[in-house]
Amino acid sequence: MTHTYDLIIVGGGPIGLACAIEAQKKNLNYLIIEKGAIVNSIFNYPLYMTFFSTAERLEIGNIPFNCLAPKPGRQEALEYYRNIHRYFNFNINLFEKVTEVQKLENQLFKITTDKSLYEAKNVVVATGFYDIPIEMSVKGEELHKVRHYYKEAHEYAFRDVLVVGANNSSVDAALECWRKGANVTMVIRKTEINNRVKYWVKPDIENRIAEGSIKAYFESNITEIRQDEVEIETPNGKISIKNDFVLALTGYKPDLSFLEKMGIELSKDELKIPTYNAETMETNVEGLFLAGVVCGGMQTHKWFIENSRIHASMIVDYITSK
């Protein structure tokens, strides 16, 4: 017979772990199912990434996050969340991917993974948004030289690198690659660097552009990527520049089709915001909840760890009150 859980949490990131902590407090029989490593998205961040948030705003379960620097980096965060698991000893299945969540006639949920089947009275989807890059849809984007994820700068040293975008990931990559000896060019759709770029980094990139160390084409777009060059549409017409790598750090989006397959309704506009009750985080499907950045649809900058940790207690309090 299939074991029935009180709660299955899809996603083992910080918010999924926070949901598990609340479930433990209320003695719920729960399981986390995570398709990769624990806090898999953070694991896939650039090696030397620094968080915008301070350490205390990344804490979960009232466990202090001790960090010597004012802002923690990827390594400190991984260490912290590993220790969170050591402390709480979560019931978690790693490297197991949920492929389907289906509401049954008996009001239970059937959760299908690439390894097994489960049943649960309630399901929380805390899957984040880092798995699906927003593509540019230009000719040549499929070439191996085009990267939608950035890990570290060494590979790009002494090469001609084009960075697309003007958000935190693009700016960090441009500066790191330039400092490791790359010839860096940025292509930016808007007229300036995004105001959401980390306040201690924004002057750095603006000064590097102003002095000419990093070339930037504003109000511009890539129109074609070829093996040894890139074509760019600029306000002054099309140009082609020599190129070895394109870092298309144009953002990421949640797996919206996964949500729709569960029966979750999305807004009809381009934001694709899922339907949920802001007081309980329950979607239009009874017993199915959202937590974390996935709640924002295409507005991936709206929710992050520090302002969505509260979703965990909201959900579990509501489940246990029914």
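Residues numbered from 1 in each chain as written. Predicted model: local features only at pLDDT ≥ 70, side-chain atom pairs only at ≥ 80, totals over all residues. Heavy atoms only, no water.

K.L.:
What should I look at first to understand the sheet that holds strand S13 (residues 229-234) in this one?
P.N.:
Adjacent strands of a sheet form backbone hydrogen bonds with each other and so pair up, either parallel or antiparallel. Ordered in space as S12-S13-S14, the 3 strands form an open sheet in which the pairing is antiparallel. The sheet terminates laterally at strand S12 (221-225) and strand S14 (237-242), the two strands that pair on one side only. Each adjacent strand pair in this sheet contributes to an overall mean axis angle of 30°, direction not counted. (Pairing = 2+ DSSP bridges. Helix = DSSP H or I, 4+ residues; strand = E, 2+ residues; numbered from the N terminus. Axes fitted to C-alpha atoms, helices over the stretch in contact; angles between N-to-C directions.)

K.L.:
Even after reading the chapter, I still don't get empty space enclosed by the protein, so can you show me in this structure?
P.N.:
Leftover empty space is mapped by rolling, across the atoms, a probe with the size of a water molecule. A full pass over the atoms with the stated rule returns 1 cavity of 30 Å³ or more. Along its surface, the largest cavity is lined by Thr99, Glu100, Val101, Phe258, Lys261 and Met262. For the lining of the largest cavity, the secondary structure elements donating two or more residues are strand S4 (98-103) and helix H6 (256-261). At 3 residues, the largest contribution of residues to the lining of the largest cavity is made by S4. Counted by class, the lining of the largest cavity contains 3 nonpolar, 1 polar and 2 charged residues. (1 Å grid on protein atoms, 1.4 Å probe; cavity = no way out; pocket = protein on both sides within 12 Å on 5 of 7 lines; lining within 4 Å. Points joined across faces, edges and corners; volume = space filled by probe spheres on them. Nonpolar A, V, L, I, M, F, W, Y, C, P; charged D, E, K, R; others polar.)

K.L.:
Even after reading the chapter, I still don't get the domain arrangement of the protein, so can you show me in this structure?
P.N.:
For the protein, the domain assignment lists domain 1 (4-132 + 252-321) and domain 2 (135-248). The centre of domain 1, based on its C-alpha atoms, is set 32 Å off from the matching centre of domain 2. Of the residues lining the interface, 16 residues belong to domain 1; the matching set on domain 2 comes to 10 residues. Carbon and sulfur atoms supply 55% of the area that domain 1 and domain 2 bury against each other, a total of about 1100 Å² over both sides. When the area that domain 1 buries against domain 2 is broken down by residue, the three leading residues are Leu47, Phe52 and Tyr252, summing to 38%. At the boundary of domain 1 and domain 2, one finds 0 salt bridges. At the boundary of domain 1 and domain 2, one finds 7 residue pairs in polar contact (both at pLDDT 80 or more). (Domains from an automatic or database assignment. Contact = heavy atoms within 4.5 Å. Buried area = accessible area lost by both parts, 1.4 Å probe. Salt bridge = Lys/Arg side-chain N within 4 Å of Asp/Glu carboxyl O. Polar contact = N/O pair within 3.5 Å; in protein donor to acceptor, adjacent residues only side chain to side chain.)

K.L.:
So what exactly am I meant to see when it comes to the layout of surface pockets here?
P.N.:
Approximately 190 Å³ is the volume attributed to the second largest pocket. Taken together, Ala18, Ile21, Glu22, Lys25, Glu59, Ile60, Gly61, Asn62, Arg309, Ile310, Ala312 and Ser313 make up the full set of residues lining the second largest pocket. Per-element tally for the lining of the second largest pocket: the top contributor is helix H1 (residues 14-25), with 4 residues. Split into classes, the residues belonging to the lining of the second largest pocket amount to 5 nonpolar, 3 polar and 4 charged.

K.L.:
Please explain the pattern of salt bridges as it appears in this structure.
P.N.:
If charged atoms from side chains of opposite charge come close, those side chains can pair. The tally for this structure, following the rule as stated, stands at 19 salt bridges. Where Asp172 meets Lys198, a salt bridge forms, and the shortest distance between an N and an O atom there is 2.8 Å. Of this pair, Asp172 sits in helix H4 (residues 168-179) while Lys198 sits in the loop between strand S10 (183-187) and helix H5 (202-211), and the two are 26 residues apart along the sequence. Exposure remark for Asp172: the relative accessible area of 16% places this residue in the buried category. Linking Lys238 and Glu231 is a salt bridge whose minimum nitrogen-to-oxygen distance equals 3.5 Å. What you see here is one network of salt bridges that share partners, running through Lys139, Glu224, Arg226, Glu229, Glu231 and Lys238. (Buried < 20%, exposed > 50% of the residue type's maximum accessible area, 1.4 Å probe, protein only.)

K.L.:
Sorry, what's going on with unusual backbone geometry here?
P.N.:
Most peptide bonds are trans, and most residues other than glycine sit at a negative phi. A positive phi angle, near 60°, is found at Asn62, a position not held by glycine. For Asn62, the location among the structural elements is in the loop between helix H2 (40-43) and helix H3 (74-88). Unlike most non-glycine residues, Phe158 shows phi in positive territory, near 65°. With respect to the helices and strands, Phe158 occurs in the loop between strand S8 (146-147) and strand S9 (160-164).

K.L.:
How do you make sense of the nonpolar core when you look at a structure like this?
P.N.:
Inside soluble globular proteins, nonpolar side chains tend to come together where they are buried. Within the largest apolar cluster, 94 residues are counted, with the highest numbers of intra-cluster contacts made by Tyr81, Phe90, Ile111 and Met186. Broken down by element, the residue count for this core peaks at 7 residues, all from H1. Two domains each put at least three residues into this core: domain 1 (4-132 + 252-321) and domain 2 (135-248). With sequence-adjacent residues up to four places away left out, Met186 is seen in contact with Val163, Gly165, Ser170, Val171, Ala174, Ile205, Ile209, Ile214, Lys215, Ala216 and Tyr217. (Core = buried A, V, L, I, M, F, W, Y, C linked by side-chain atoms within 4.5 Å.)

K.L.:
Can you help me understand the side chain of Glu119 in this one?
P.N.:
Along the chain, the position of Glu119 falls in strand S6 (residues 117-125). Despite its burial, Glu119 remains without a salt bridge, the nearest opposite charge being carried by Lys110 at 8.2 Å. Within the local environment of Glu119, its side chain forms a polar contact with the side chain of Thr4, the two groups lying 3.2 Å apart. (Lys, Arg positive; Asp, Glu negative; His and termini not counted.)

K.L.:
Could you clarify how one ought to interpret the sheet that holds S10 in this entry?
P.N.:
On the basis of which strands lie adjacent, the open sheet formed by 5 strands has the order S8-S15-S9-S10-S11 and parallel pairing. In this open sheet, the two edge strands, each paired with only one partner strand, are S8 and strand S11 (215-217). The pairing of S10 with S11 spans 3 bridges and is classified as parallel. Note on S11: the bridge partner recorded for Met186 is Ala216.

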